[in-house]
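If you want the building blocks of each chain, they are given just below.
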Amino acid sequence: SSDVCFSDLQIVDEMPVEELIGFGMDFGFSNDPTTLVAVHRKGDMLYAREVFYEKGLTTQDIIRKLELLNIGKTTEIWADSAEPRLIEEIYRSGWNIKPVKKGPDSIRFGISVLHNFGLCVDRKSQNLINELYSYEWATDKYGIQLDKPQGGLDHAIDALRYLAMSRLSIKQQNKGKYTLSFK
């Protein structure tokens with residue numbers, strides 16, 4: 001329908017191996033899954049792959065999965081800032097995980113960043129595909145489209161959005177290119 005946030009989605013069989021930008025992670029536990037999504041970039045196309053999507057994961061479970069999946073220790077993982085303890089525990093275990101700065105407008109902002117690219121999703125990423133196909137803009141009681149999506153089924157999308165906001169916005173890209181860092 002016209003209310004879908006991502007209408008020009010492409011499902012692909014191959015992910016480009018090069019140009020891994022990083023990962024997005026959204027935390028869940030009882031009702032919601034913890035999700036990890038990998039994002040590669042090739043020109044103005046993004047390639048997203050669901051790495052895991054699972055309920056009931058403790059911090060140790062997540063760390064074990066990162067180890068088993070051979071996730072690089074230097075690759076950036078952008079995660080939900082609402083769980084600082086989880087982020088700190090994963091960070092202390094050696095991964096390059098960072099909290100996402102979420103402003104009041106971060107959902108719409110994240111979607112707008114993603115809209116600057118073509119979006120391809122790995123065919124095996126079933127949960128991410130299901131979420132993207134059902135992710136619609138909310139409407140008010142008169143049927144007027146609001147500029148925020150309906151919440152709910154958006155756990156893998158949130159992970160994707162965190163990565164996009166943190167690494168793919170014009171501001172972030174410019175920061176990487178032109179400013180000197182004195183860290």
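Please refer to the structure placed before this passage.
Before going into details, it helps to say that this report is about the structure given with it. As the structure is a computational prediction, the values presented were derived from the model and not from experiment.

Some words on the sheet that holds strand E4 (residues 45-54)
Pairing between the strands of a sheet comes from backbone hydrogen bonds, and it takes one of two forms, parallel or antiparallel.
Now for step 1: Taken in spatial order, the seven strands of this open sheet run E1-E7-E4-E3-E2-E5-E6, and their pairing is mixed. Among the strands making up the open sheet, the edge pair consists of strand E1 (10-12) and strand E6 (96-99). Between one strand axis and the next, the sheet turns through 30° on average, direction left out of account.
Now for step 2: Sheet topology note: the E4/strand E7 (residues 118-122) ladder contains four bridges and is parallel. Among the inter-strand pairings, Tyr47 is bridged to a residue of E7, identified as Cys120.
Now for step 3: Across the sheet, helix H1 (residues 59-68) is in contact with strand E2 (20-26), strand E3 (34-42), E4 and strand E5 (76-79); its angle to E4 comes to roughly 130°.

Concerning the packing of aromatic side chains
Now for step 1: Scanning the entire structure with this criterion turns up one aromatic pair.
Now for step 2: Judged by centre distance (6.1 Å) and plane angle (15°), the ring pair of Phe6 and Tyr135 falls under stacked. Taken as a pair, Phe6 in the segment before E1 and Tyr135 in the loop between helix H4 (126-134) and strand E8 (137-139) lie far apart in primary sequence, 129 residues in all. When sorted by exposure, Phe6 lands in the same class as Tyr135, which is buried.
Now for step 3: Lying across the ring of Phe52, Lys65 places its NZ or CZ 5.5 Å from the centre.

A few points about the environment of Ser93
Now for step 1: Structurally, Ser93 can be placed in the loop between helix H2 (84-92) and E6.
Now for step 2: A residue is classified by how much of its surface remains accessible, and Ser93, at 29% relative accessible area, is partly exposed.
Now for step 3: With 33 residues separating them along the chain, Ser93 and Gln60 place their C-alpha atoms 9.5 Å apart.
Now for step 4: Here Ser93 is in contact with Ile63 and Lys73, once residues within four sequence places are set aside.

Quick notes on H4
Now for step 1: Within H4, burial applies to Leu128, Ile129, Glu131 and Leu132. One side of H4 carries all its buried residues, which in axial view fall inside an arc of 165°.

As for the packing of H4 against helix H5 (residues 155-167)
Now for step 1: Direction vectors running N to C along H4 and H5 enclose 90°, while the axes themselves pass 8 Å from each other. Put simply, H4 runs roughly perpendicular to H5. Residue-level contacts link Leu128, Glu131 and Leu132 of H4 to His155, Ala156 and Ile157 of H5.
Now for step 2: Taken together, the residues of the contact of H4 with H5 break down into four nonpolar, one polar and one charged.

Brief notes about the pattern of salt bridges
Now for step 1: Taken as a whole and judged by the stated rule, the model has 11 salt bridges.
Now for step 2: For Lys98, the salt bridge identified is with Glu76, shortest N-O distance 3.1 Å. You can see Lys98 sitting in strand E6 and its partner Glu76 sitting in strand E5, a full 22 residues away along the chain.

Observations concerning the nonpolar core
Now for step 1: Grouped together as the largest cluster of nonpolar side chains are 30 residues, with contacts concentrated most on Phe6, Val37, Leu46, Leu119, Leu128, Leu132 and Leu168.
Now for step 2: In terms of residue count, H5 provides more of this core than any other element does, eight residues in total.
Now for step 3: Beyond its immediate stretch of four places on either side in the chain, Leu128 contacts Val37, Ala48, Glu50, Val121, Ala156 and Ile157.
Now for step 4: If you look at the next biggest cluster of nonpolar residues, it comprises 19 residues, including Phe23, Leu36, Ile71 and Ile87.

Procedures and definitions
Residues numbered from 1 in each chain as written. Predicted model: local features only at pLDDT ≥ 70, side-chain atom pairs only at ≥ 80, totals over all residues. Heavy atoms only, no water. Pairing = 2+ DSSP bridges. Helix = DSSP H or I, 4+ residues; strand = E, 2+ residues; numbered from the N terminus. Axes fitted to C-alpha atoms, helices over the stretch in contact; angles between N-to-C directions. Contact = heavy atoms within 4.5 Å. Phe/Tyr/Trp six-rings, centres within 6.5 Å; stacked < 30°, edge-to-face > 60°. Buried < 20%, exposed > 50% of the residue type's maximum accessible area, 1.4 Å probe, protein only. Lys NZ or Arg CZ within 6 Å of the ring centre and 35° of its normal. Arc of directions from axis to C-beta. Parallel < 35°, antiparallel > 145°, perpendicular 65-115°, else oblique. Nonpolar A, V, L, I, M, F, W, Y, C, P; charged D, E, K, R; others polar. Salt bridge = Lys/Arg side-chain N within 4 Å of Asp/Glu carboxyl O. Core = buried A, V, L, I, M, F, W, Y, C linked by side-chain atoms within 4.5 Å.

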